[in-house]
Structures are given as structure tokens and as C-alpha cells.
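What the coordinates show
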Amino acid sequence: MTAPLSFWHDAVSALPFEWAGYEFMRMALLAVLFVSPLLGALGTVVVANRMAFFSEAIGHAAFTGIALGVILGLSNPLWSMIGFALVLTFAISWMRRRGGLSSDTAIGLVMAFTVSLGIVILSRGGDFASYTNFLIGDMLSVSPADIAWLAVLAVAVAAMFFFFFNRLLLSILSPALARSRAKHAGAAELAFACLLAVVVTCALPWIGILVINALLILPAAAARNLARNTAEFFGWAIAIALVAGLIGLVVSFYASTATGATIVLAAMGIYLVTMLRRTFSTG
Amino acid sequence: MELPPDNAPAHHGVAPHRCGECCTTMRGVGVRYNGKPVLQDVDLHLHCGELTAVIGENGAGKTTLVKCLLGEIPHDGEVHFLDASHRRPDSPVIGYVPQHSSFDKDAPVSVLDLFAASLATRPACLGVSPAVREEALTGLRRTGAEALIDRRVGTLSGGELQRVLLGLALTPVPNILVLDEPMSGVDHSGREQFYELLSKLRREYDFAVLLVSHDLATLARFADRMVFLDHRIVCEGAPSEVLRDPRVREAFSLHSLT
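Residues numbered from 1 in each chain as written. Chains lettered and ligands numbered in written order. Predicted model: local features only at pLDDT ≥ 70, side-chain atom pairs only at ≥ 80, totals over all residues. Heavy atoms only, no water.

Considerations on the pattern of salt bridges
Any two side chains of opposite charge can pair if their charged atoms end up close together. Residue and element names in this part refer to chain B. The criterion, for reference: The working definition used for a salt bridge is a side-chain nitrogen of Lys or Arg within 4 Å of a carboxyl oxygen of Asp or Glu. The secondary structure listing takes helices from DSSP runs of H or I that are at least 4 residues long and strands from runs of E that are at least 2 residues long, numbered from the N terminus.
Under the counting rule described, the total for this entry stands at 11 salt bridges over all chains. Arg202 is the salt-bridge partner of Asp224, the closest N and O atoms lying 2.6 Å from each other. With Asp224 in the loop between α6 (216-222) and β8 (225-229) and Arg202 in helix α5 (residues 188-205), the pair connects residues that are 22 residues apart, well separated along the chain. Counted as one network, the salt bridges with shared partners bring together Glu50, Arg225 and Glu236.

This is the structure in C-alpha cells:
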């Protein structure tokens, strides 16, 4: 890990930009190069499968995940956050399958509960302020271990897309048709939801609980305005996420703003451009 | 029910001799939801080359019957498929044309993507291989829809989408073709064309067709057999007989017609 990392630092330092001279910016750049395409790719399925509210709930559930970490005395709350996000994913998918509650009502209930529980635990003793950095995120705190972990996630997401994408797509288009061709999507959907929960949770400390979902949704929503088929949809979403990530990172450096929110504004700008293009191209 | 791999060359494009012997048998099929019988004691034979139409009021169990045939839900009784040599393969190829209202029309998905998602191993988000494109074209040609291959699914008219879905259901060529209300939202001339195409294809490829529909007038001309379902089979036979049955005439308010 150290050799490629020092090569990365040397290479980026050679760029003729002021920001490239700072180690924390070079690490943040590396993280953006991993996180943006990951979120952009996952976002295509989130948007197509109408899971935006689910991913929002997973992000907000981080409050309880952090609180559990504090109670358990973990030095890094990431593990309790991931564990809790997975428990929640299974709970929501069980509620959906069991029926009775519509999906958004089920998710809304779960989200209200976990956010409140997390805030109650964390605010005990009036100490909530020390957790506010999770709300807006801190892109400049990325460590080499984080990058290694991101690489592992990237491989997992690529594998998931490779093995499950087609049955997810067919099942999104027509569940009945998918079942008739023995493309059962139950396991694929659960695997996707779990991986989505893990990626969102891992990216939270950098992007921020308040804006992470936008970064998942916006690139795919913008790509939808441009794409004529699935490959274009996927390619545009990743490209838009990358461009927004780079613009947001650099602008946030010069404007001294929170990186996550700045990236989201850049993505929003791109989304508006695609919307205009779509409006004018269809007359 | 385990279906064979999607790329299995199930008598691809070649019409087997018309045997009239392979047949799908449902015997004593019943389904309950929350203890309430939705389907009871259904005995049904589907012969290859024959178009069987299932009619019935809303909630009479027509879609449940389709689900039993597709192996989607647990049920009492037996569903068997016998091939021409009277062997009992576990896995007939079933082609299925879903109700088109169930289709997500907003997704940026082309007709080719739809085929790729059903047939290919390579994920459609990485593009579609020339081989799968060729396979999709073959399927679409059977229904005269090859010009639609690169269109977005959401931009197709009801009739166009039905031809695409039928082309997909014929790839690979099935032993049984199941259509659930295929013509909702399609205009009259579109229906006629679709049923004519279906009749031609079933003679050409000799598969059994099970069609669920409300479209009595058109069905009377195209179906070989008609089954009137009201949680159980009330009557069945040639369309002209079934449509004369008083119970059918009452259910569909056919009093004024002769």
C-alpha cells in the first residue's frame, strides 16, 4: 500500500496547482476518485429501483450506529455503524416482504426511530456537538487505511454488478417477467441493499449524513436525462459523479467550504444542465 | 420449477414436426390465500399448437392460474409437462408475456437491454455483445419488431411493446407460451394484428398458448378452446359453445348479443 501511495503523492504533487501541494488534499482526491464512481454506479440502481428513501434512511441511521459504538466503547464507530446499517437493511427488507406496510411508511417509521434513538443517546450529558462533524462530513481526514478499505469495497461493488445487474434490471422492469425466466431477484436485491448500506456508511464520515444521499441520486438522475440505454445510463452516471467530485473538492479547497456539500452543489449544477438539454431536445 | 439456461438452443428457429402429442397437464390444482380458496380443483390440458383462452371476471383466479403454471406460487395438485415422446422433462421452456401495465416506462432501457438482461451473462450496464444483439434481432424478427431494437422501452406504443415482449417470450422458442391480459391498452386494429401474429407463430413453432383476456369477441375467432373460470372451471370447450353458456352470458352481460 505504501509504495503505490507514495507514487500517488509524487505524481499529484507534480501538478501545477496550489492544492496539489497538500498531503490531505492528495488523500482527499484519491478518496473522491473512489467514492464518486462508486456512489454514481450504485445510484443507477437506486434511481431505477426507487430506493432513494431507503438509502436516505440508511444514512440517517448512522446516528444510532455511532451511538452504539460509543456505548460499546469502540475506538472507531465505523464498525458499529456498518453493523447497525446491515441490521436495518435486513429489517426493512423483511418488513417489505412481509407486506402490510407500504415500503415508504415502513422506512419512514424505521428512520424516525433510529434518528431519535441515536440523538437521544449521543446527546446524553449535552455532548452532541462533538458529533456534528458527521452531519457535514470531513473529506480532509482520509487515511491510507480508509483508501485500502475503499478499494475492497470497489471490488465488491464491481463483482455485485457483474453477477447480479441483469437480474436486478429485469426485475425492476417487470418482476413477473423476471420470475418467469427464473431470474429471481430476491437474493440479488438483498445483496445490493447490503452493499449499498455499507458503501453509504463508509462514505458518511467524509461526505456527511445530510448530503450523502444527494450524491447517490443526482448523478444517476442527471444521467437519466442523457441516456438512451443502460450502458449510457451507467457510463454517464459514473462520469458525472467523478466530474462533480473533482469540481467540488477543488472549489471547496479555495472557498474553504465543506467538501461533501460543495460536491453536491456541483452535481446539482450538472443535473440542471442535463435537464435543460432534455427540455430543449424534446421541444 | 427450474428453467434451463437462457441460452439453451431449444429448437431454435426450427419448427419441430407438429405432433399434437406434447401437452401440459394441470390436475386438481388449487390455491388458497389466507384460507380462502382462490382456485379449486382445476383440471386443464394444454396441447401444443393449440390456443386456449381463459376468461372470467376480475378476481376469478385467472392470474393465479398463470402463476401456478409458471411455478411461481405453491399450490395443491399437479402440473406436468409431457413432451412428444411422452417423457416428462422437469423443465419445459415457458415463454411469458406480462401485463404491459406492469412495465416501468421511465427507465432509460432500450429494447436490446431488455433482451440482454434476459439472455446475456455480461451485465447490460457494460454494453451488449454482438452475439446477444443477433439473438435479440432473431427474436424480434419473429414478431416483425426488429426495427425497434434500439428504441427506449418507454417510448414504445402499447402495440409495439407487446410485439417486443412477444419476441422476447419466443427467445428461446418455448414449449408453452403464456400471455396475461396482453392487450390491455391496445386499440382494436392492434389487437387483431397481434392475435393474427400469434396464430401464425403457434402454427409455425407448434407451442401451446394459454391466453388470459377479457377480449371475448376477438378471442372467439382466434382461440381453439375457451375456459370460463370462476375460482374453478365452470365450463370449457369450443369458443362458440362456451360463449353460448348462460353462466358466461350472464357474467359478461352478453344478453343483447346473438
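Some words on the nonpolar core
Stated precisely, the cut-off is as follows: Buried Ala, Val, Leu, Ile, Met, Phe, Trp, Tyr and Cys residues form a nonpolar core when they are joined through side-chain atoms within 4.5 Å. Relative accessibility thresholds used throughout: buried, under 20% of the residue-type maximum; exposed, over 50%; partly exposed, between the two (1.4 Å probe, protein chains only). Should any heavy atoms of two residues lie within 4.5 Å, those residues are considered in contact.
Counting residues in each nonpolar core, the largest one holds 187 residues, and the members touching the most others are Phe161 and Phe192 of chain A together with Leu166 and Leu177 of chain B. At 16 residues, the largest contribution of residues to this core is made by helix α2 (residues 23-48) of chain A. Residues within four places of Leu166 of chain B in sequence aside, it is in contact with Val97, Thr143, Leu177, Leu179, Phe194, Leu197, Leu198 and Leu201 of chain B.

Notes on the interface of chain B and chain A
Our working rule: Take the accessible area each of two parts loses on contact, using a 1.4 Å probe, and add the two losses: that sum is the buried area. Contacts described as polar in this section are N or O atom pairs within 3.5 Å, which, within protein, must combine one atom able to donate a hydrogen with one able to accept it, while residues neighboring in sequence count only if both atoms come from side chains.
Listed per partner, the contact involves 35 residues of chain B and 26 residues of chain A. Buried area between chain B and chain A, both sides added, is near 2700 Å², and the carbon and sulfur share of it is 58%. There are one salt bridge connecting chain B and chain A. In this structure, Glu72 of chain B engages Arg179 of chain A in a salt bridge whose closest nitrogen and oxygen atoms are separated by 3.0 Å. Counting every contact that joins chain B to chain A gives 10 residue pairs in polar contact (both at pLDDT 80 or more). Contributions of two or more residues to the side of chain B that touches chain A are made by β5 (94-97), α2 (111-119) and α4 (158-169) of chain B.

Describing the sheet that holds strand β2 (residues 36-47) of chain B
All names here are of chain B. Under the convention used in this document: Two strands pair if DSSP finds at least two bridges between them. Lines fitted to C-alpha atoms define the axes, with helix axes restricted to the stretch in contact, and inter-axis angles between N-to-C directions lie between 0 and 180 degrees.
Pairing within the open sheet is antiparallel, and its three strands lie in the order β2-β1-β4. One side of each edge strand has no neighbouring strand; the edge strands of this open sheet are β2 and β4 (76-82). This sheet shows a mean twist of 15° between the axes of neighbouring strands, independent of strand direction. Here strand β1 (residues 23-33) runs beside β4; their pairing, made up of six bridges, is antiparallel. Counted as the bridge partner of Thr24 is Phe81 from β4.

Some details on the confidence of the model for chain B
Any residue range with low pLDDT should be treated as having predicted coordinates unsuitable for detailed reading. Residues and elements named next belong to chain B. Formally: How sure the predictor is of each residue is captured by pLDDT, a score from 0 to 100.
For chain B, per-residue confidence averages 82 on the pLDDT scale, and residues scoring 70 or more make up 84% of the total. The model gives residues 1-18 a pLDDT under 50, and that stretch makes 39 contacts with residues more than four places away or in other chains. Confidence metrics for the complex model read pTM 0.86 and ipTM 0.87.

Digging into the packing of helix α11 (residues 212-226) of chain A against helix α13 (residues 259-281) of chain A
Residues and elements named next belong to chain A. Heads up, the condition is: Angle categories are assigned with fixed cut-offs, so that under 35 degrees is roughly parallel, over 145 is roughly antiparallel, 65 to 115 is roughly perpendicular, and the rest are oblique. Should the near helix be turned anticlockwise from the far one by less than a right angle, the crossing is left-handed, and should it be turned clockwise, the crossing is right-handed. Here the term charged refers only to Asp, Glu, Lys and Arg, the term nonpolar to Ala, Val, Leu, Ile, Met, Phe, Trp, Tyr, Cys and Pro, and the term polar to all other amino acids, Gly among them.
Two elements in contact, α11 and α13, have axes whose closest approach is 8 Å; the angle formed by their N-to-C orientations is 20°. One way to sum up the angle between α11 and α13 is to call them roughly parallel. The interaxial crossing formed by α11 with α13 has left-handed handedness. Contact with α11, carried on its side by Ala214, Leu215, Leu218, Ala221, Ala222, Asn225 and Leu226, involves Ile263, Val264, Ala267, Met268, Tyr271, Thr274, Met275, Arg277 and Arg278 of α13 and no other residues of that element. Split into classes, the residues belonging to the contact of α11 with α13 amount to 12 nonpolar, two polar and two charged.

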